[in-house]
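Notes for the structure review
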Amino acid sequence: MSPTYDVIIIGGGMIGLSTAYHLARRGARTVLLEAGELGGGTSAACSGRAQTIEGHLDPLNLYLVRAGLERLSTLEDELGHAFSWRMVGYFCLIPSPHLWDTWTQRARILSENGIPTVMVDREELQRAEPLLNTAGLLGAAYGQEGLLNPFHFCWAYAQAARRLGADIRAGTPVVGMKAAGGRVVSVETPAERFSAGQVMVAAGAWTPKLLAMIGETVPIHFTHAEAFITERVPLALRNTIGMADFYEQIHGKQRAVSVGFSVEPDGALLVTEAVTRTDTIRRGCSVWGVAGMAAHLLALYPGLRKVRVLRGWGVPTAFTPDDEPVVGPMPGWENLFVYGACLETIPTIPVLSDWVAGMMLGEEPPMDLSLYSPARFARAA
Ligand SMILES: Cc1cc2nc3c(=O)[nH]c(=O)nc-3n(C[C@H](O)[C@H](O)[C@H](O)COP(=O)(O)OP(=O)(O)OC[C@H]3O[C@@H](n4cnc5c(N)ncnc54)[C@H](O)[C@@H]3O)c2cc1C
């Protein structure tokens, strides 16, 4: 049996790593077990956007986004590692009158809550993005958001946690867990057995598989999401672009494309997402996905016709039936915590993971987190 820790975290994505950092800051003896490479699940494969205007409008999410963005602005210094943090403009393109109305209301609520959002009509949008084909668009909602390099973001948390004494292990899959008397009594890797006061499962799309080891369930589902990156583009693209009908486009479909893209510091475009409904975790991109995203991109920016795709990828992306995260102790367990399936992950975790680390050590979170509690699924059932 390996030394007893205060907390075992299973999963080395941005959620597990940020929580490990905040636990270590509080002096908790923490071990993080990651099956593959740190960030190598969904985290390092994401676009790196700290979205501000697209999420839920409840007070908790609005607070987390606002406070998270503020924290992100100084986090590179706090963690001692750069992750290309920058603020950029974001245009959420609006193709229908119904979405124009919805977004007009959203823009008002967001602005009233400290997340300035303005509606811009088609002419104004065209002036801001001269090379965008605005045919079929009514305009856009516009806000400022953050962008970062997600691999370095994970690495920054990992290194800072290590410096504070956390034991962060890559290449260490959890292959078994044992439970007795409502407690997780051991967590097993091929080489070792661990025990701790608290166990957190932060394994993203793999969370249900981990919980199944102790006969537990949580309704975390996933889609397979593809993305690609291009060579440096010759056109001046100024803002991050996304579609207001993203969820409408992908909802209930076996396969769907809704394009969004951001400009990397070197001028390349990171383009997302081609989404496939699945119950099998896999990696990799398809001809369908890359061609579909390219076609949508070219419809918006015909001038990119000759730009080459350098690399594509596909990973699972986790969600819950109500699109709220799962954060909190599992009902019926003394020492089991689950954290994952955030809708807006990067802007919220700098603050949320701090609160979660405190909760695992017995602190009350500054705001009520029952909206995210795993217990809501038991109540719903
Ligand atoms: C194309 C794309 C673009 C996205 N863009 C954005 C964006 O711009 N902004 C944003 O906020 N979010 C974005 N997301 C979502 C974001 O990437 C995820 O919400 C986030 O990465 C989830 O982090 P996580 O730590 O929960 O999961 P993961 O990063 O998947 O981490 C879970 C880890 O658990 C590990 N694991 C699994 N099984 C075991 C085991 N048995 N033992 C040990 N470890 C195990 C996995 O290897 C994995 O590393 C995007 C997602 C995709 C797919």
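Worth saying up front: this structure is predicted, and the values here are computed from it rather than measured.

Let us now look at the site of the ligand. Close to the ligand lie 39 residues, the nearest being Gly11, Gly13, Gly41, Cys46 and Gly204. Elements supplying a minimum of two residues to the shell around the ligand: α1 (14-25), β12 (221-232), β15 (268-277), β16 (309-319) and α9 (345-360). The element contributing the most residues to the shell around the ligand is α1, with 3 residues. Looking at the shell around the ligand residue by residue, the class counts come to 18 nonpolar, 17 polar and 4 charged. Shared between two domains, the shell around the ligand takes at least three residues from each, and those domains are domain 1 (5-47 + 151-219 + 322-380) and domain 2 (87-146 + 221-319).

Another point: the pairing of strand β18 (residues 336-340). Where burial is concerned, most of β18 is hidden: 5 out of the 5 residues are buried. Both faces of β18 are covered, namely the face carrying Leu336, Val338 and Gly340 and the face carrying Phe337 and Tyr339. Inspection of the sheet shows strand β11 (residues 196-201) paired to β18 by 3 bridges, in the parallel sense. Among the inter-strand pairings, Val201 is bridged to a residue of β18, identified as Val338. The pairing of strand β17 (residues 326-329) with β18 spans 4 bridges and is classified as antiparallel. Note that in β18 the partner of Val326 across the bridge is Gly340.

The next thing to look at is the sheet that holds strand β2 (residues 30-33). In sheet architecture, strand pairing relies on hydrogen bonds along the backbone and comes in two forms, parallel and antiparallel. Spatial ordering of the open sheet is given by β7-β2-β1-β11-β18-β17, a layout of 6 strands whose pairing is mixed. Single-partner strands in this sheet number two, and they are β7 (167-169) and β17. The mean angle between the axes of side-by-side strands here comes to 15°, regardless of whether they run parallel or antiparallel. Docked against the sheet, α1 engages β1 (5-10), β2, β7, β11 and β18, running at close to 170° with respect to β2.

On to unusual backbone geometry, then. Of the consecutive residues Thr272 and Glu273, the connecting peptide bond is found in the cis state with omega at -25°. Checked against the element boundaries, Glu273 lands in strand β15. We note that Ala341 has phi near 55°; this positive angle belongs to a residue other than glycine. With respect to the secondary-structure elements, Ala341 resides in the loop between β18 and α9. What makes Ala341 buried here is the crowd of 25 C-beta atoms within 10 Å.

In an α-helix, one full turn covers 3.6 residues, which means residues spaced three or four apart are oriented alike. Over its 14 residues, helix α5 (residues 150-163) extends 20 Å from the first C-alpha to the last, a length consistent with the 20 Å expected when each residue adds 1.5 Å. Check the buried side of α5 and you find it contacts α1, α2 (59-79) and β7. Following α5 by one or two positions, Gly165 has its phi on the positive side, about 105°.

So, about the domain arrangement of the protein chain. What the domain assignment lists for the protein chain is domain 1 (5-47 + 151-219 + 322-380) and domain 2 (87-146 + 221-319). Taken over C-alpha atoms, the centre of domain 1 sits 30 Å from the centre of domain 2. Listed as interface residues are 12 residues of domain 1 and, on the opposing side, 14 residues of domain 2. Grouping the amino acids of the side of domain 1 that touches domain 2 by side-chain chemistry returns 6 nonpolar, 5 polar and 1 charged.

Turning to helix α8 (residues 287-300), a few remarks are in order. The first and last C-alpha atoms of α8 sit 20 Å apart over 14 residues, in line with the 20 Å expected at 1.5 Å per residue. Against β12, β14 (255-263), β15 and β16 lie the buried residues of α8.

With that out of the way, let us pick up the packing of α1 against α9. Viewed as axis vectors pointing N to C, α1 and α9 meet at an angle of 45°, and their least axial separation amounts to 8 Å. Classified by the interaxial angle, the pair formed by α1 and α9 is oblique. Crossing geometry of α1 relative to α9 is assigned as right-handed. Contacts between α1 and α9 involve Met14, Ile15, Ser18, Thr19, His22 and Leu23 from the first element and Thr345, Ile349, Ser353, Asp354, Val356, Ala357 and Met360 from the second. Considered class by class, the residues forming the contact of α1 with α9 number 7 nonpolar, 5 polar and 1 charged.

Time to look at the environment of Ile349. Looking at the secondary structure, you find Ile349 in helix α9. For Ile349, a count of 27 C-beta atoms within 10 Å puts it in the buried group. Put simply, Ile349 and Arg255 are 94 residues apart on the chain and 29 Å apart in space, counted from C-alpha to C-alpha. Not counting residues within four places of it along the chain, the set of residues in contact with Ile349 comprises Met14, Ile15, Ser18 and Cys342.

This paragraph deals with the environment of Ala166. Relative to the helices and strands, Ala166 is located in the loop between α5 and β7. Overall, the presence of 27 C-beta atoms within 10 Å leaves Ala166 in the buried class. In sequence terms Ala166 and Tyr5 are 161 residues apart; their C-alpha atoms lie 10.0 Å from each other. Those residues in contact with Ala166 that lie beyond four places of it in its chain are Ala20, Leu23, Ala24, Thr30, Leu32 and Ala161.

Rules of the game
Within every chain, residues take consecutive numbers counted from 1 along the sequence as written. Under the rules for a predicted model, residues below a pLDDT of 70 receive no local features and side-chain atom pairs below 80 are neither given nor counted, while totals for whole chains, interfaces and linings still include all residues. Placing a C-beta atom from the backbone of each residue, we mark the residue near a molecule or strand if the atom is within 6 Å of it. A run of H or I in DSSP counts as a helix once it spans at least four residues, and a run of E counts as a strand once it spans at least two, with each numbered from the N terminus. Note that Gly is not counted as nonpolar here; it falls among the polar residues with everything else outside the nonpolar set of Ala, Val, Leu, Ile, Met, Phe, Trp, Tyr, Cys and Pro and the charged set of Asp, Glu, Lys and Arg. Each domain's extent was defined by an automatic or database domain assignment. Any residue with 12 or fewer other C-beta atoms within 10 Å of its own C-beta is exposed, any with 20 or more is buried, and the rest are partly exposed; the C-beta atoms used are placed from the backbone. Two strands qualify as a pair provided that DSSP identifies no fewer than 2 bridges between them. Axes, fitted as lines to C-alpha atoms, cover a helix only where it is in contact. Angles between the N-to-C directions of the axes lie from 0 to 180 degrees. By the convention adopted here, residues make contact when the C-beta atoms placed from their backbones lie within 7 Å. Expected helix span is taken as 1.5 Å per residue step, with the number of steps being one fewer than the number of residues. For classification, angles of less than 35 degrees are called roughly parallel, those exceeding 145 degrees roughly antiparallel, those between 65 and 115 degrees roughly perpendicular, and all remaining angles oblique. Should the near helix be turned anticlockwise from the far one by less than a right angle, the crossing is termed left-handed; should it be turned clockwise, right-handed.

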